[in-house]
Amino acid sequence: MADEAKNLIILGSGPAGLTAAIYAGRAGLAPIIMEGMKPGGQPMGTTMVENFPGFPKGVLGPELVTRMREQAERFGAKFLAGDAVSVNFKKNPFIVQIGKKEYWTKSLIIATGADPRWLGVPGEEKFRGRGVSTCATCDGFFYRDKVVAVVGGGDSALEEAIFLTRFAKKVIIIHRREALRASRFMQKRADSESRIEFYLNKEIEKIEGEKVVSGASLRDTETGEISNLVCDGIFMAIGHDPNTKIFQGQLELDAKGYIKIKNGVETSVPGVFAAGDVGDPHYKQAIVAAGAGAMAAIQAEEFLTNTSA
């Protein structure tokens, strides 16, 4: 079986996985990319991406992914449909299973990403990319002089809200409890922003609009009273779930399930690397994920060179 092992398998086909494939392909590693259940990652669910270098007029998320994939294929990367259902890192070559088929590999890059949490209310899915977002850094620019809402009560929600004050004329923080979960420092910063208002003990029942978001129905969590909110955009900031379930017991994970990394992209198992949101609980940016993908491919090449010497 060892003789049949691939040089490198990449799990995930978002910006991290595709960039890793480009670099690994150019290095002659003939990488195999397992696309996962959501080929292309989060950019496939976005509209215009305006902060990815090289596109002064912006680029549609799906187009960006398509270009990256074509570039990877140009350098010999091969794509397989499907998602990994189990892994075995106890010895090298490592084993990755898709369906009933096993693949052996001398090195592995995990770029399975992290999925944003959603409320699951009516209108949320309909207006994704048309007023509903999970990334203020990505989409805040589109809401200049408009009214936006941020759902959540933790540090990340307040960070999103504070960032949005650079553009929006009003930012409303919606939290279902009386007290925020954010640190005192972040609450003090948010309180000092004149453009931020707090709607506590409120939760969204339904997101309203025709072609784009125009508002939402709110329910008071104490009285049950329904009220209407008029706004131009709604940002979800209720956390992310890293796609690391199959790595439990195989790799060191942090308390939230993110892969623990060192030296940029190394995991607790030599020869296994992590790139992008799966090991990044903070930035959640395509360009950061792409950079990590490049690092992981370079590290994988060095690992293969050193272990074959």
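Computed from a predicted structure; not experimentally measured.

S.K.: Would you mind showing me how to read the pattern of salt bridges here?
M.R.: Counted under the stated rule, the structure contains nine salt bridges. One salt bridge in this structure joins Glu-205 and Arg-219, with 3.5 Å as the shortest N-O distance. Pair noted here: Glu-205 is in strand S15 (residues 202–209) and Arg-219 is in strand S16 (residues 213–220), with a separation of 14 residues, a long-range link. Judged by its relative accessible area of 25%, Arg-219 is partly exposed.

S.K.: What exactly am I supposed to notice about helix H4 (residues 155–164) here?
M.R.: Where burial is concerned, most of H4 is hidden: seven out of the ten residues are buried. Within H4 the residues assigned to the buried category are Ala-157, Leu-158, Glu-160, Ala-161, Ile-162, Phe-163 and Leu-164. The inward-facing, buried residues of H4 abut helix H3 (136–139), strand S12 (147–151), strand S13 (170–175), helix H5 (184–191), strand S14 (196–200) and strand S18 (233–236).

S.K.: Please clarify how the environment of Ile-287 should be interpreted in this entry.
M.R.: As for its position among the elements, Ile-287 is in helix H6 (residues 286–308). Judged by relative accessible area, which is 40%, Ile-287 ranks as partly exposed. C-alpha separation for the pair Ile-287 and Ala-136, spaced 151 residues apart in sequence, amounts to 15 Å. With near-sequence residues (within four places) excluded, Ile-287 lies in contact with Phe-52 and Pro-53.

S.K.: Would you mind going over the sheet that holds S15 with me for this structure?
M.R.: Two pairing modes exist for strands in a sheet, parallel and antiparallel, and in both the strands are linked by backbone hydrogen bonds. Read from one edge of the open sheet, three strands run S15-S16-S17, paired in antiparallel fashion. The two strands at the open ends of the sheet, each matched to only one other strand, are S15 and strand S17 (226–230). With direction set aside, neighbouring strand axes in the sheet form an average angle of 30°. Pairing of S16 with S17, which is carried by five bridges, proceeds in the antiparallel orientation. Paired with Arg-219 across the strands is Ile-226, a residue of S17.

The rules behind each value
Residues numbered from 1 in each chain as written. Predicted model: local features only at pLDDT ≥ 70, side-chain atom pairs only at ≥ 80, totals over all residues. Heavy atoms only, no water. Salt bridge = Lys/Arg side-chain N within 4 Å of Asp/Glu carboxyl O. Helix = DSSP H or I, 4+ residues; strand = E, 2+ residues; numbered from the N terminus. Buried < 20%, exposed > 50% of the residue type's maximum accessible area, 1.4 Å probe, protein only. Contact = heavy atoms within 4.5 Å. Pairing = 2+ DSSP bridges. Axes fitted to C-alpha atoms, helices over the stretch in contact; angles between N-to-C directions.

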